[in-house]
2 protein chains.
Amino acid sequence: MTTELSSTTLDDLLDRARKDYEALAGRGLSLDLTRGKPAPAQLDLSDDLLSLPGGRRSAADGTDVRNYGGLQGLAELREIFSGVLQVPVAQLLAAGNSSLELMHDCLVHALLSRVPGADSRWVDQERIAFLCPVPGYDRHFALCERFGIDMIPVPMTGSGPDMDVVERLVAEDASVKGIWCVPKYSNPDGTCYSDETVARLAAMGTAAPDFRVFWDNAYAAHHLTDEQVEIADLLAACEAAGNPDRVFVFGSTSKITLAGAGVAFFGASAANVQWLLGNNAKRSIGPDKVNQLRHVLFLRDADGVRAHMERQRALLQPKFEAVQRILEAELGGTGLATWTHPKGGYFVSLEVADGCAKEVVRRAAGAGIVLTPAGATHPYGDDPRDALIRIAPSYPTLEELEQAILGLTACVRLVGYEQRSTEA
Amino acid sequence: MTTELSSTTLDDLLDRARKDYEALAGRGLSLDLTRGKPAPAQLDLSDDLLSLPGGRRSAADGTDVRNYGGLQGLAELREIFSGVLQVPVAQLLAAGNSSLELMHDCLVHALLSRVPGADSRWVDQERIAFLCPVPGYDRHFALCERFGIDMIPVPMTGSGPDMDVVERLVAEDASVKGIWCVPKYSNPDGTCYSDETVARLAAMGTAAPDFRVFWDNAYAAHHLTDEQVEIADLLAACEAAGNPDRVFVFGSTSKITLAGAGVAFFGASAANVQWLLGNNAKRSIGPDKVNQLRHVLFLRDADGVRAHMERQRALLQPKFEAVQRILEAELGGTGLATWTHPKGGYFVSLEVADGCAKEVVRRAAGAGIVLTPAGATHPYGDDPRDALIRIAPSYPTLEELEQAILGLTACVRLVGYEQRSTEA
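Here the structure is a predicted model, which means the values were calculated and not measured.

Cut-offs and rules
Sequence order as written defines residue numbering, which begins from 1 separately in each chain. All chains are assigned letters beginning with A, and all ligands numbers beginning with 1, in the order in which they are written. Selection of residues for local features in this predicted model requires a pLDDT of at least 70, selection of side-chain atom pairs for listing and counting requires 80 or more, and totals for whole chains, interfaces and linings are taken over all residues. By convention in this description, side-chain values take in all heavy atoms of the structure and omit both hydrogens and water. In DSSP terms, a helix is any run of H or I states spanning at least four residues, a strand is any run of E spanning at least two, and both are numbered starting from the N terminus. As a reference, a globule follows 2.2 Å times the number of residues to the power 0.38, and the radius of gyration itself is taken over C-alpha atoms. Think of it in three bands: with a 1.4 Å probe and only protein chains considered, a residue is buried below 20% of the maximum accessible area for its type, exposed above 50%, and partly exposed in between. Should any heavy atoms of two residues lie within 4.5 Å, those residues are counted as being in contact. Note on areas: Shrake-Rupley with a 1.4 Å probe; residue coverage comes only from the protein chains shown. A residue counts as positive if it is Lys or Arg and as negative if it is Asp or Glu; His and the chain ends are not included. We put the charge of a Lys on NZ, of an Arg on CZ, of an Asp on CG and of a Glu on CD. Expected span of a helix: the number of residues minus one, times 1.5 Å. Bend at a residue means the angle formed by two fitted axes: the first through the 7 residues ending at that position, the second through the 7 residues beginning there. As used in this structure description, the phrase polar contact means that two N or O atoms lie within 3.5 Å; if the pair is within protein, one of them must be able to donate a hydrogen and the other to accept it, and residues adjacent in sequence are counted only when both atoms belong to side chains. Buried surface area refers to the total accessible area, computed with a probe of radius 1.4 Å, that the two partners give up upon joining, counted for both partners together. Any carboxyl oxygen of Asp or Glu within 4 Å of a side-chain nitrogen of Lys or Arg constitutes a salt bridge here. Strand pairing requires that DSSP identify at least two bridges connecting the strands. Structural elements are reduced to axes, namely lines fitted to C-alpha atoms, with helices fitted over the stretch in contact, and the angle between N-to-C directions of any two is expressed from 0 to 180 degrees. When the copies are overlaid, the least-squares fit takes in C-alpha atoms only where the residue has pLDDT of at least 70 in both copies. Geometry of aromatic contacts follows a simple scheme: Phe, Tyr and Trp rings, the Trp one being its six-membered ring, pair when their centres are within 6.5 Å, and the pair is stacked under 30 degrees between planes, edge-to-face over 60, tilted otherwise. As used in this record, nonpolar core signifies buried Ala, Val, Leu, Ile, Met, Phe, Trp, Tyr and Cys residues forming a set joined through side-chain atoms within 4.5 Å. Crossings are classed by handedness, with left-handed meaning an anticlockwise turn of the near helix from the far one by less than a right angle and right-handed meaning a clockwise turn. Lys, Arg, Asp and Glu make up the charged group, whereas Ala, Val, Leu, Ile, Met, Phe, Trp, Tyr, Cys and Pro make up the nonpolar group; the residues left over, Gly among them, are polar. The pLDDT score gives, residue by residue, the confidence of the prediction method on a 0 to 100 scale.

**A word on the overall build of chain A**
And step 1. Secondary structure assignment for chain A yields 13 helices and 13 strands.
And step 2. At 23 Å, chain A has a C-alpha radius of gyration in line with the 22 Å of a compact globule built from 424 residues.
And step 3. Principal-axis analysis of the C-alpha atoms gives chain A an extent of 75 × 55 × 35 Å.
And step 4. The burial tally for chain A puts 61% of its 424 residues in the buried class.
And step 5. In chain A, the proportion of contacts linking residues at least 24 apart, taken out of those at least 6 apart, comes to 77%.
And step 6. For chain A, the exposed surface amounts to about 15,000 Å²; the carbon and sulfur share of it is 49%.
And step 7. Of note, chain A has its 40 positive side-chain charges centred 5 Å away from the centre of its 56 negative side-chain charges.

Listed below in structure tokens is the structure:
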């Protein structure tokens, strides 16, 4: 971002950016790029779910899915997702409609009951901290904030969190109890953890005996290219490294079938699963097994999931390509921004000059384009460089998306050239 | 239970009871009266749910029910249940498949966040106690035990908990933060709270500024006779008494539609609702609105719920009548037991002589009839008189139920006459 411009050229560029922004603001747009929500056309792919399970009332083992019971969830559904989530069927739980709920509840139970390996409940400890690879997922950070868990940012690299930093922090501080990870096609960077990162997470020495990796494998099946990235199996690696209880695996079908009416999963060591089941047994008389059967009948098997995700990709890939195309056409070579080229997941990260992200988001809102608040990708909503903007291309139509990204690039040019002009 | 018998007569009765029990044990029964589970025939009444919402994807306000969002739940579903749960639509939440989850989560949030009116989080207080009207619901008590909340038993009367005791305890002890209530057709006694009880709960002075009535209106629509009992509106009474935040109302369709795949409700003052919604917003991106729409399309309106509950009653009433008939025929006039005659709900309470309940349950199990553990109706599973047995007639077929109750009466006679014989 050190392209040199003569001040005349800069004036011209700023002038054009101002005119473009005025034209944009005059168009009365109302576009929303805030959240990673599936588009209606994606949800339509699962229309069959809306009339299932039809005449079926029984699980494979004869259980009446309509009645109470079955805390661990239907075995045949767990079988379908065992492979993609890299958790043996017996160690996998199928639950309600939200993996975020499972993450929340694991924190609650760890706060109020001892997790396996813990000396005491987390709520009885003076300080609890979590490592937060940044940029990351705002709802993870919101959970920490809600429970008074300190957040320690750790920089992301192209292969996952900076493991030198992670290893040092977990080794020296027993109050560091966890780390948030989105290991495949991470939110928002699209990063995939390397095998080395996974191996080091599994093997590293932690001062806390009850340290947990919150492994939010939200995009395990969400490929955008022919290269279907596979990550190493952290649960198996932890077991092999003698730290079997280290990881909580989370996943869901929210971005596979229906965002609000899918099924969420939890996987871990047998001890962790027993701990969660024991706590859940006080809370619930079982998950919605009818919805689980619905998913079994609809998805059928792991191949069914893969075929379904190809149909999702057919809808999403053109949107991600449009984002790349417009960003390159409008911002390429300007030195005003860089951005990610994710091979899967739901987001593109746009990095603008330091101190510009909030202003870009503000200007975009002024032109009717709502973006995720700048800073949301960092703990406490504070991006110290004020440089990162998360783009969620999935929800708008392709045409709306193109308008929105084009508008966004006008805002980036406006704010970027204004900054340069001030500095000049 | 002071019927006098000559010792010859007692010997004869004991002899007959022993023979009857031997015959019973020889029949190889396998019957389960433990839990208040709907029978398959009851679940069949909601078969239409299994292919809903069919082609429908939108709520009344146009919301796409398949996507994320809508934390408060569908307004049209809340409208249907507003009347029977006595909560204004705007103050009612429609959530997941379990009201027990909502009770659990309210305790969690109160422990970890301040409830409206609280000086501090409950977890930061030295002691938290709940009043537990006994007999009561074992899952309520299990929640207290799980969170280390002390339980103080309060005797039930024919019109609800003994309010003299309740008023004294809440007035003198600020660590008493709540009371568990099943106000209509209570579990297990079938008691309905009188208007006076409701008024006193609303108006009583509490030492704790953050005292809550956990009002588990689980059987609000579950009538077994033509007399459809109505209870007074506690939420309105609290508001009128100047204690608007005192009550959390819970309900669900678990015993209306599908036990494992229904919808649960929470109702309270606006301040309480905002408190729960604020906490839930960190936990979830919304409930399963597809299942909520399914329920709207199936039940249609409050009249639809009433008509549906008439169909439930047609299945349940013969079972409850069979229990009464057999208990009266086998134990009437023996002085060995008394029992309740509920006008709704899911249970019959059988009271045997002090010290006999556990032994009756043990003998029944020996003959293949599994009952709820004696003591389950009391905090910590401890019925100090060891006298109460909860009968759940709903799940078995009528024929199985008749066998089970007949067998149970044989056990009551055996244990009762053995006790008298020992005392003689």
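**Some details on helix H11 (residues 302-331) of chain A**
All names here are of chain A.
And step 1. The end-to-end C-alpha distance of H11, which contains 30 residues, comes to 40 Å, matching closely the 44 Å that a straight helix rising 1.5 Å per residue would cover.
And step 2. Largest kink in H11: about 30°, centred on Leu315, with the proline Pro318 one to four residues after it.
And step 3. Near the N-terminus of H11, the side chain that reaches the backbone nitrogen of Asp303, with its oxygen 3.2 Å away, is that of Asp301.
And step 4. Residue Gly333 follows H11 closely and has a positive phi angle near 80°.

**Things to note about the interface of chain B and chain A**
And step 1. The partner chain A presents 58 residues to the 58 residues of chain B that form the contact.
And step 2. Between chain B and chain A, the buried area comes to about 4,600 Å², and carbon and sulfur atoms account for 51% of it.
And step 3. Our count for the contact surface shared by chain B and chain A stands at 12 salt bridges.
And step 4. Asp47(B) is the partner of Arg66(A) in a salt bridge, and the nearest nitrogen-oxygen pair spans 3.5 Å.
And step 5. The interface formed by chain B and chain A holds 28 residue pairs in polar contact (both at pLDDT 80 or more) in total.
And step 6. Among the elements of the structure, helix H2 (40-44), helix H4 (99-112), helix H5 (138-146), helix H9 (270-283) and helix H10 (289-299) of chain B are those that each provide at least two residues to the side of chain B that touches chain A.

**Notes on the sheet that holds strand S10 (residues 337-339) of chain A**
Residues and elements named next belong to chain A.
And step 1. Across the sheet, three strands lie side by side as S10-S11-S13; this open sheet has antiparallel pairing. With one partner strand each, in any of the chains shown, S10 and strand S13 (388-391) form the two edges of the open sheet. With strand direction ignored, the average angle separating the axes of adjacent strands in the sheet is 25°.
And step 2. Here strand S11 (residues 348-352) pairs with S13 via four bridges, running antiparallel. Residue Glu351 lies in a different strand from S13, and its bridge partner there is Leu388.
And step 3. Strands in contact with H11 are S10, S11 and S13; relative to S11, the strand with the most contacts, it is inclined by about 15°.

**Re the relation of the copies chain B and chain A**
And step 1. Relative to chain A, chain B is turned by 180° and slid 0.0 Å along the rotation axis, the superposed coordinates differing by an RMSD of 0.0 Å. Taken together, the rotation and translation relating the two chain copies correspond to the operation of a two-fold axis. Every residue of chain B has its C-alpha some distance from the rotation axis, and the shortest such distance is that of Ser51(B), at 2.0 Å.
And step 2. When the interface residues of chain B are mapped onto chain A, 100% of them again lie at the interface, so the same face is used by both copies.

**A look at the packing of aromatic side chains**
And step 1. Taken as a whole and judged by the stated rule, the model has 28 aromatic pairs over all chains.
And step 2. Measuring from centroid to centroid gives 5.3 Å for Phe130(A) and Phe214(A), while their planes differ by 65°, and the two rings are edge-to-face. In this pair, Phe130(A) is assigned in strand S3 (residues 129-134) and Phe214(A) in strand S7 (residues 212-216), connecting sequence segments 84 residues apart.
And step 3. Centre to centre, the rings of Phe130(B) and Trp180(B) are 5.6 Å apart; their planes meet at 45°, and the pair counts as tilted.

**Comments concerning the nonpolar core**
And step 1. One finds Trp215(A), Leu350(A), Trp215(B) and Leu350(B) to be the most contacted residues of the largest nonpolar core, which totals 214 residues.
And step 2. Those residues in contact with Trp215(B), other than ones at most four positions away along the chain, are Cys181(B), Pro183(B), Tyr193(B), Val198(B), Leu201(B), Ile231(B), Ala232(B), Leu234(B), Val247(B), Phe248(B), Val249(B) and Phe250(B).

**Comments concerning the side chain of Gln42(B)**
And step 1. Topologically, Gln42(B) is positioned in helix H2.
And step 2. Look past the residues within four positions of Gln42(B) in its chain and what remains in contact with it is Gln312(B), Leu315(B), Leu316(B), Tyr346(B) and Ser394(B).

**A short note on the packing of helix H1 (residues 7-25) of chain B against helix H13 (residues 398-423) of chain B**
Residue and element names in this part refer to chain B.
And step 1. Relative orientation of the contacting elements H1 and H13 amounts to 140°, with a least axis distance of 8 Å. The element H1 and its partner H13 pack so that their crossing is left-handed. Contacts between H1 and H13 involve Leu10, Leu13, Leu14, Arg16, Ala17, Arg18, Asp20, Tyr21 and Leu24 from the first element and Gly407, Ala410, Cys411, Arg413, Leu414, Tyr417, Glu418, Arg420 and Ser421 from the second.
And step 2. The residue inventory of the contact of H1 with H13, partitioned by class, reads 10 nonpolar, two polar and six charged.

**A short note on the confidence of the model for chain A**
And step 1. Put simply, chain A has an average pLDDT of 96, and 99% of its residues get 70 or more.
And step 2. Interface confidence for the predicted complex, expressed as ipTM, amounts to 0.97; the pTM equals 0.97.

**Considerations on the pattern of salt bridges**
And step 1. In this structure the tally under the stated criterion is 62 salt bridges over all chains.
And step 2. Taking the shortest distance from any N to any O, the salt bridge between Asp124(A) and Arg121(A) comes out at 2.9 Å.
And step 3. Taking the relative accessible area as the measure of exposure, Asp124(A) reaches 48% and is therefore partly exposed.
And step 4. Of the charged contacts, one joins Arg200(B) and Asp164(B) as a salt bridge, the two residues approaching to 2.7 Å between their closest N and O atoms. With a gap of 36 residues between them, Arg200(B) in helix H7 (residues 195-203) and Asp164(B) in helix H6 (residues 163-172) connect regions that are remote in the sequence.

**Some words on the sheet that holds strand S9 (residues 264-267) of chain A**
Residues and elements named next belong to chain A.
And step 1. Spatial ordering of the open sheet is given by S2-S9-S8-S7-S6-S3-S4-S5, a layout of eight strands whose pairing is mixed. Bordering the open sheet on either side are strand S2 (92-94) and strand S5 (160-161), each of which pairs with just one other strand.
And step 2. Both strand S8 (residues 247-252) and S9 contribute to a ladder of four bridges, which runs antiparallel. In the strand pairing of S9, Gly251 is matched with Phe265.
And step 3. Against the sheet, helix H3 (residues 75-85) contacts S2, S8 and S9, and its axis sits at roughly 125° relative to S2.
And step 4. Here helix H9 (residues 270-283) sits on the sheet and contacts S2, S7, S8 and S9; the angle it forms with S2, its principal contact strand, is near 30°.

**A closer look at the environment of Val296(B)**
All names here are of chain B.
And step 1. Following the sequence through the fold, Val296 ends up in helix H10.
And step 2. A C-alpha to C-alpha distance of 23 Å links Val296 and Gly345, two positions 49 residues apart in sequence.
And step 3. If sequence neighbours within four positions are ignored, Val296 has contacts with Glu76, Leu77 and Ile80.

**Notes on helix H10 (residues 289-299) of chain A**
Residue and element names in this part refer to chain A.
And step 1. Taking burial as the measure, the 11 residues of H10 include 10 buried ones, the bulk of the element.
And step 2. Those residues of H10 that sit buried are Lys289, Val290, Asn291, Gln292, Leu293, Arg294, His295, Val296, Phe298 and Leu299.
And step 3. For H10, the N-terminal capping position is held by Asp288, with its side-chain oxygen 3.1 Å away from the main-chain nitrogen of Val290.
And step 4. Two residues or fewer past H10, Arg300 is found with a positive phi of approximately 70°.

**Topic: the environment of Leu258(A)**
And step 1. Residue placement: Leu258(A) occurs in the loop between S8 and S9.
And step 2. Residue class for Leu258(A) comes out buried when judged on its relative accessible area of 2%.
And step 3. Taking the C-alpha atoms as reference points, Leu258(A) and Pro40(A), 218 residues apart in sequence, are found 9.8 Å from one another.
And step 4. Sequence-distant contacts of Leu258(A), that is, excluding residues within four places in its chain, are made with Leu43(A), Ser46(A), Leu49(A), Leu50(A), Thr253(A), Arg66(B) and Val290(B).

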